[in-house]
Amino acid sequence: MTRLFGSPIPRLEDERLVSGRGRYLDDLGRGALAAAFVRAPHAHARIVDVDVTDALDIDGLVAVYTWEDLPGKLAEPLPLLIPHPALTHPKTGYPLAREEVNHVGEPVVMVVARDRYVAEDACDRIRVTYDPLPPVVTIEDAVRAEHLVHEEVPGNVAAHLVQENGDARAAIAAAPHTLELDLDIQRSASMPMEGRGVYARWDAEDGSLRVYTSTQTSTSVRAAIAAKLDLPLHKVEVVVPDVGGGFGVKIMHPWPEEVLIPWAARLLGREIKWTEDRREHFISSAHERRQLQKVRVGFDDAGRVLGLDVEIWHDNGAYTPYGVIVPIITSTQLLGPYKPGAYRVEFRSLYTNTVMVTPYRGAGRPQGVYAMERTLDAIADYLGKDRAEVREVNFVKPEEMPYDHGLVFQDGRPLVYDSGDFAASLRLLKELVGWDDFESYREQARAQGRRVGIGIACYVEGTGVGPYEGGHVLVEPSGRVMVSTGLTTQGQGHHTVFAQIVADELSVPIEQVHVTTGDTRLFGYAVGTFASRAAVMSGNAIALAAREVRAKALKIAGEALSRDPEDLEIVAGAVRAKDDPDTALDLATVAVLSNPLRYAFDEAAKRATQFAVTDTSKPPVPEGEKPGLEATAYYSPPRSTFANGMHAAIVETDPDTADIKILRYCVVHDCGRMINPRIVAGQIHGGVAQGVAGALYERIVYDENGQLLNASFMDFLMPYATEVPKIEHAHLETSSPLNPLGIKGAGEAGVIPVSALLASAIEDAEGFRITRMPISPSDLWHLRQRFAAGEIEPLHRASRRETA
Amino acid sequence: MTVPELHEITLRVNGVAYRTRVPARRLLSDCLRHDLGLTGTHVGCEHGVCGCCTVLVDGQPARSCLMFAVMAEGCEVTTVEGLAAPDGTLSAVQRAFAECHGLQCGFCTPGFLTVLTAFLTENPKPTEEEVVEAISGNLCRCTGYQNIVAAALRAAEILREERAEEIVAAGDGDGAEPERAREEAAE
């Protein structure tokens, strides 16, 4: 049988999804009551009064709730999910606002009605009186701290963290050359096509709750609901149906709605569903990316970084339920494939009266890579060196792996790279994009009156963070192989890649393998889908479970066939003797034999009843064994594995309109061994598209009052097919030594270096430094005006080019 | 408060006639999904920008979130559930999407499938640029579009192959037709 691991087979998910048989959250619970929310219209205000009287006579209204109605733990602030010693002033919101609102969109009142139309009618008639407070909107506002987001948080500083390896400041002072850069990166958002949604059913007779939610973490939502509603864990089932994209925003949990809807369902004894609309998603879910960065770097004549000192101001929005994972990742992943002589990083995570910030695909890495790559470009420019060459002299070399940076990563473990061959990746990329031939292309373009530029950006991505995931593999008496894992899926093709792994390990046709993800009824232990960890964590756990099943099958078949298990193999779904293929048992039969029965339900079962078993000297289930051809295994990594990649792009900027066009986009990517190269390529395509979006189009825009000005797809410019370039890519496979399958994560790769890359390419085309991303044609046009007025320094290489 | 007046409408969806009573403000997308139970049509923005809710109304792509259900009175609506043959055989566009990895989460997919179904009927031999133009009203957050474009071109190819086979199977004409049809399909 051909090995499926590494094979670009089409996805098993697709037949259902292309025929309209997907089951997304809002497709469930037909006839359930609908919830809607009255949300804060002010960025910062005290709630003076909530008057619901006008809403009460609406036909079809079922219930209206404010914070006052919430009992017990539900009335307390939502949990702080990831505490960290640096997070000295954590703040989380209430499920429904209590006394104060801290961003536009914060939920204040929940309405339950016959349908969403009626629920929204009722919301419209609820009068909330506010006493507005001065809002803190930008990082600059937060730093000035003339006003505070939370009275008890001095200086608006939620967290402050310094990490240092060596004495960076001394190294910079002693370096032959130094540079300083001020960088700025704007807010964006995950923006899955399907918003959030929750549907809850309370079974009063059983005292149990089933909750369907569009989440990236089933088990954690379950734990949150059980805690908030004071229910035993086993009385709460969380089922994650098809999810229409997550990209990070659905790893935040519990959302207020994830505890409120189940609570109301129990209270009312009715099924209730809440499906978020697009405006709600913009103003009440989560955003990411905004940071100000100051970089000081010292380097030698070759461009080697001798000391790097980075200061980051991170906007965490109004609350910190997900802790400070984003700036921690920025500050550690900033180093990319390089080894600075000495490194010091300091971040302040700041409160603003804006939607909270939680991880969005790439999670802090795009910002870190932006800082580092802009710095290397600046060094190359200063020294008049090739940008690729400056990168190469700073690379960690393959023979230096594992490479310890002397820092602590987001998982609390040492930042140690496991493998990678950065120089080989760079060679591949330069060839792919035609790096060395670009200057002659530039000359040709210039002769035609065209302005072109090339950029390069490299990154390293910590993937597959712990603590663990598990997998369960069960061979049914029908021969069907049922696989489950607790983590969830949002379209990454997990069902296919997990089935590929199991089909190989058990030597069964992939059509026989059925995978379930994110259903606590089937698998109750899990962490979640984030940080490109699904394939690494669940993939390895499932492989280990399948190997146990395989060993068990050989053992049981060995007994039945009176052969040593060592002499048996599994081929095409049957256990057979290596020396005699006719001596064989189907896995289905082995499954029957694995479970000694008292009762026969069918012909297969008859063969496993107590009278069919011959050896009466042993107990039917031998000591240390369990019935059933199944196994559960867990994979827990010693630390993260590190995928890496490099992107290069050629852009053209219109001399008159400042329109920015990407002419070529090339990616070299290394995620270790690939389970399904087609799916990996798809992840890269999608990531790059999101990266391009974040670099050129998407920007969350607040006005000075904290009103989100572009809370719709009309105004938040998500790219269509017309805006996304064609991606050319090549793979390098440096196996990870950290896990049995040798794999690394691939989910976020595409998005990480794009802002850095396009800044590099655009400044190369324009001849002046780009320090703020995203950049629109209008931004570029204004920069040109300032450049012409002498307000911006030219790039050294531009003046060299002029004089050459 | 007064109960909104209900309007009885009849609309044909995927060849089946449905009679239902809806308030005037009920969106066609909600009617299809929640009244008729055809949840294949998805709602991504409710302001007509993302294209997830695209269905065919009398053969033409339309955003079902920008239409009231009452406006579909007497119309022939095709949703993603109606693209496959009655025996469940997937349409060329559907097969091509699966073949080319033209979807990831699948939420926007029904909108792309309906748009492309109409487009390929009008333009059976599109260029890549024409495909990009055709889908430029539909947002996808997962795929980066590259494989969607590939899927559209592949679907066009499958449709041409199928047409050539039909002509060959019919076996009439001057005898040169099968050859021409094959050549056309191969182009």
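All of these numbers come straight from a predicted model, not from anything done at the bench.

Participant: Break down the overall build of chain A for me, with residues and values.
Facilitator: A count of helices and strands for chain A gives 20 helices and 29 strands. Relative to its length of 804 residues, chain A is compact, with a C-alpha radius of gyration of 28 Å against a globular reference of 28 Å. Seen through its principal axes, chain A has C-alpha atoms that stretch 95 × 75 × 50 Å. By residue count, 63% of the 804 residues in chain A fall in the buried class. For chain A, the computed accessible surface area is about 28600 Å², with 51% contributed by carbon and sulfur atoms. Within chain A, the 111 negative side-chain charges are centred at a point lying 2 Å from the centre of the 82 positive side-chain charges.

Participant: Would you mind going over the interface of chain A and chain B in detail, with residue names and values included?
Facilitator: Taken together, the contact pairs 59 residues of chain A with 52 residues of chain B. Here chain A meets chain B over a buried area of about 4500 Å², counting both sides, of which 56% is carbon and sulfur. The three residues of chain A that bury the most area against chain B are V18, Y117 and M193 of chain A, which together make up 17% of that side's buried surface. Seen at the junction of chain A and chain B, the total is 5 salt bridges. We note a salt bridge from R141 of chain B to E698 of chain A, for which the minimum N-O separation is 2.6 Å. Where chain A meets chain B, there are 28 residue pairs in polar contact (both at pLDDT 80 or more). Within the residue set of the side of chain A that touches chain B, elements represented by two or more residues are α1 (14-18), α2 (116-124) and α17 (677-697) of chain A. If you tally residues by element for the side of chain A that touches chain B, the top one is α17 of chain A, at 9 residues. Counted by class, the side of chain A that touches chain B contains 26 nonpolar, 14 polar and 19 charged residues.

Participant: Explain the domain arrangement of chain A to me, and be specific about the residues and the numbers.
Facilitator: Residues and elements named next belong to chain A. Here chain A is partitioned into domain 1 (13-133 + 196-275), domain 2 (368-464 + 639-803) and domain 3 (469-635). Taking only C-alpha atoms into account, the centre of domain 1 sits 38 Å from that of domain 2. Listed by partner, the interface residues are 5 residues for domain 1 and 4 residues for domain 2. Carbon and sulfur atoms make up 45% of the surface buried where domain 1 meets domain 2, a total of about 290 Å² over both sides. When the buried area of domain 1 at its contact with domain 2 is split by residue, A43, V104 and F247 rank highest and sum to 82% of it. Our count for the contact surface shared by domain 1 and domain 2 stands at 0 salt bridges. Linking domain 1 with domain 2 are 1 residue pair in polar contact (both at pLDDT 80 or more).

Participant: Please set out the domain arrangement of chain B residue by residue, giving values where relevant.
Facilitator: Residues and elements named next belong to chain B. Under the domain assignment, chain B is made up of domain 1 (1-80) and domain 2 (83-171). Facing the 18 residues of domain 1 at the interface are 16 residues of domain 2. Roughly 1200 Å² of surface becomes buried between domain 1 and domain 2 when both sides are summed, with 62% attributable to carbon and sulfur atoms. By the criterion of area lost to domain 2, the three top residues of domain 1 are H42, C52 and V80, representing 39% of everything that side buries. Where domain 1 touches domain 2, the interface holds 0 salt bridges. In this assembly, domain 1 and domain 2 are joined by 6 residue pairs in polar contact (both at pLDDT 80 or more).

Participant: Would you mind going over the sheet that holds strand β21 (residues 513-517) of chain A in detail, with residue names and values included?
Facilitator: All names here are of chain A. If you walk across this open sheet you meet the 4 strands as β21-β20-β19-β25, and the pairing is mixed. In this open sheet, the two strands that pair with only one neighbour each are β21 and β25 (630-635). Strand-to-strand twist in this sheet, taken as the mean axis angle between neighbours without regard to direction, amounts to 15 degrees. As defined by bridge partners, strand β19 (residues 469-475) adjoins strand β20 (residues 481-485) across 5 bridges and the pair is classed as antiparallel. What sits directly across from G471, in β20, is T485. Packing of helix α13 (residues 494-506) onto the sheet brings it into contact with β19, β20 and β21, and relative to β21 it is tilted by some 135 degrees. In this fold helix α14 (residues 534-561) packs onto β19, β20 and β25, with an angle of close to 145 degrees to the strand it touches most, β25.

Participant: Tell me about the pairing of strand β1 (residues 33-39) of chain A, and name the residues and values.
Facilitator: Residue and element names in this part refer to chain A. Of all 7 residues that make up β1, 7 are buried, and the element is covered over most of its length. Neither face of β1 is open: one carries L33, A35, F37 and R39, the other A34, A36 and V38, and all of them are buried. One ladder, built from 2 bridges, connects β1 with strand β12 (residues 272-275); its direction is parallel. Counterpart to A34 in the pairing with β12 is K273.

Participant: Go over empty space enclosed by the protein, please, and point to the residues and values.
Facilitator: Residue and element names in this part refer to chain A. All told, the structure shown has 7 cavities of 30 Å³ or more when counted by the stated rule. Considering only enclosed or pocket space, the largest cavity measures out at about 190 Å³ in volume. Every residue lining the largest cavity is counted, 19 residues in all, and those nearest its centre are L78, G93, P256, Y319 and M356. Of the residues belonging to the lining of the largest cavity, the class tally is 11 nonpolar, 5 polar and 3 charged. Forming the boundary of the second largest cavity are 14 residues, of which R289, P366, G691, G694 and S755 lie nearest the centre.

Participant: Which residues make up the UniProt feature "domain: Aldehyde oxidase/xanthine dehydrogenase a/b hammerhead" (unreviewed entry) in chain A, and what are the values?
Facilitator: Following the UniProt record, the feature "domain: Aldehyde oxidase/xanthine dehydrogenase a/b hammerhead" (unreviewed entry) maps to residues 19-134 of chain A here. As a span, residues 19-134 of chain A carries 8% helix and 29% strand, and end to end its C-alpha atoms are 51 Å apart.

Participant: Please provide a residue-by-residue account of the sheet that holds strand β13 (residues 291-299) of chain A, values included.
Facilitator: All names here are of chain A. Pairing is mixed in the open sheet, where 6 strands are placed in the order β7-β15-β14-β13-β8-β29. Each edge of the open sheet carries a strand with a single partner, namely β7 (157-165) and β29 (772-773). Note: strand β14 (residues 305-317) against strand β15 (residues 343-351), 9 bridges, orientation parallel. For D309, the partnering residue across the bridge sits in β15 and is R344. Where helix α8 (residues 325-333) meets the sheet, its contacts fall on β7, β13, β14 and β15, and the angle it forms with β15 comes to roughly 160 degrees.

Participant: Describe in detail helix α19 (residues 777-788) of chain A, supporting the description with residues and values.
Facilitator: All names here are of chain A. For α19, spanning 12 residues, the distance from its first C-alpha to its last is 16 Å, which sits close to the expected 16 Å at 1.5 Å a residue. Buried within α19 we find L780, L783 and R784. Summarising the axial view, the buried residues of α19 lie within an arc of 105 degrees, below the 170-degree limit, and thus occupy one face. The inward-facing, buried residues of α19 abut β18 (451-463), β26 (641-653), β27 (660-670) and α18 (754-766).

Participant: Account for the pairing of strand β17 (residues 414-417) of chain A, with residues named and values stated.
Facilitator: The side chains of a regular strand alternate between both faces of the sheet. Residues and elements named next belong to chain A. Bridge count for strand β16 (residues 403-408) against β17 is 3 bridges, and the pairing is antiparallel. Of the residues in β17, the one forming a bridge with V408 is P414. Between β16 and β17, which pair antiparallel one after the other, the connecting turn spans 5 residues, and G412 there sits at a positive phi close to 80 degrees.

Participant: An account of the side chain of D27 of chain A is requested, with residue identities and associated values reported.
Facilitator: Inspection of the secondary structure assignment puts D27 of chain A in the loop between α1 and β1. Within the local environment of D27 of chain A, its side chain forms a polar contact with the side chain of R33 of chain B, the two groups lying 2.8 Å apart. Excluding residues that lie within four positions of it along the chain, D27 of chain A makes contacts with G22 of chain A together with R33, T39 and H42 of chain B.

Participant: Provide a residue-level description of the nonpolar core, including the pertinent values.
Facilitator: One finds L308, Y665 and L758 of chain A to be the most contacted residues of the largest nonpolar core, which totals 121 residues. Setting aside chain neighbours within four positions, we find L758 of chain A in contact with A649, V651, I662, V692, A695, L696 and M773 of chain A.

Participant: Please set out the packing of aromatic side chains residue by residue, giving values where relevant.
Facilitator: Per the counting criterion, the structure on display carries 18 aromatic pairs over all chains. For the pair Y24 of chain A and F107 of chain B, a centre-to-centre distance of 5.3 Å together with 85 degrees between the ring planes defines the contact as edge-to-face. Residue Y24 of chain A is located in the loop between α1 and β1, and its partner F107 of chain B is located in the loop between α2 (92-99) and α3 (109-122); the two belong to separate chains. Counting every residue linked through ring pairs, the aromatic cluster contains Y468, F523, Y525 and Y634 of chain A. It is R266 of chain A that lies over the ring of W202 of chain A; its NZ or CZ is 5.8 Å from the centre.

Reading guide: rules and limits
- Residues numbered from 1 in each chain as written.
- Chains lettered and ligands numbered in written order.
- Predicted model: local features only at pLDDT ≥ 70, side-chain atom pairs only at ≥ 80, totals over all residues.
- Heavy atoms only, no water.
- Helix = DSSP H or I, 4+ residues; strand = E, 2+ residues; numbered from the N terminus.
- Rg over C-alpha atoms; globule rule 2.2 N^0.38 Å.
- Buried < 20%, exposed > 50% of the residue type's maximum accessible area, 1.4 Å probe, protein only.
- Areas by Shrake-Rupley, 256 points an atom, 1.4 Å probe, with all protein chains shown as cover.
- Lys, Arg positive; Asp, Glu negative; His and termini not counted.
- Charge placed at Lys NZ, Arg CZ, Asp CG, Glu CD.
- Contact = heavy atoms within 4.5 Å.
- Buried area = accessible area lost by both parts, 1.4 Å probe.
- Salt bridge = Lys/Arg side-chain N within 4 Å of Asp/Glu carboxyl O.
- Polar contact = N/O pair within 3.5 Å; in protein donor to acceptor, adjacent residues only side chain to side chain.
- Nonpolar A, V, L, I, M, F, W, Y, C, P; charged D, E, K, R; others polar.
- Domains from an automatic or database assignment.
- Pairing = 2+ DSSP bridges.
- Axes fitted to C-alpha atoms, helices over the stretch in contact; angles between N-to-C directions.
- 1 Å grid on protein atoms, 1.4 Å probe; cavity = no way out; pocket = protein on both sides within 12 Å on 5 of 7 lines; lining within 4 Å.
- Points joined across faces, edges and corners; volume = space filled by probe spheres on them.
- UniProt positions renumbered as here; feature names shortened; annotations may be inferred.
- Expected span 1.5 Å × (residues − 1).
- Arc of directions from axis to C-beta.
- Core = buried A, V, L, I, M, F, W, Y, C linked by side-chain atoms within 4.5 Å.
- Phe/Tyr/Trp six-rings, centres within 6.5 Å; stacked < 30°, edge-to-face > 60°.
- Lys NZ or Arg CZ within 6 Å of the ring centre and 35° of its normal.

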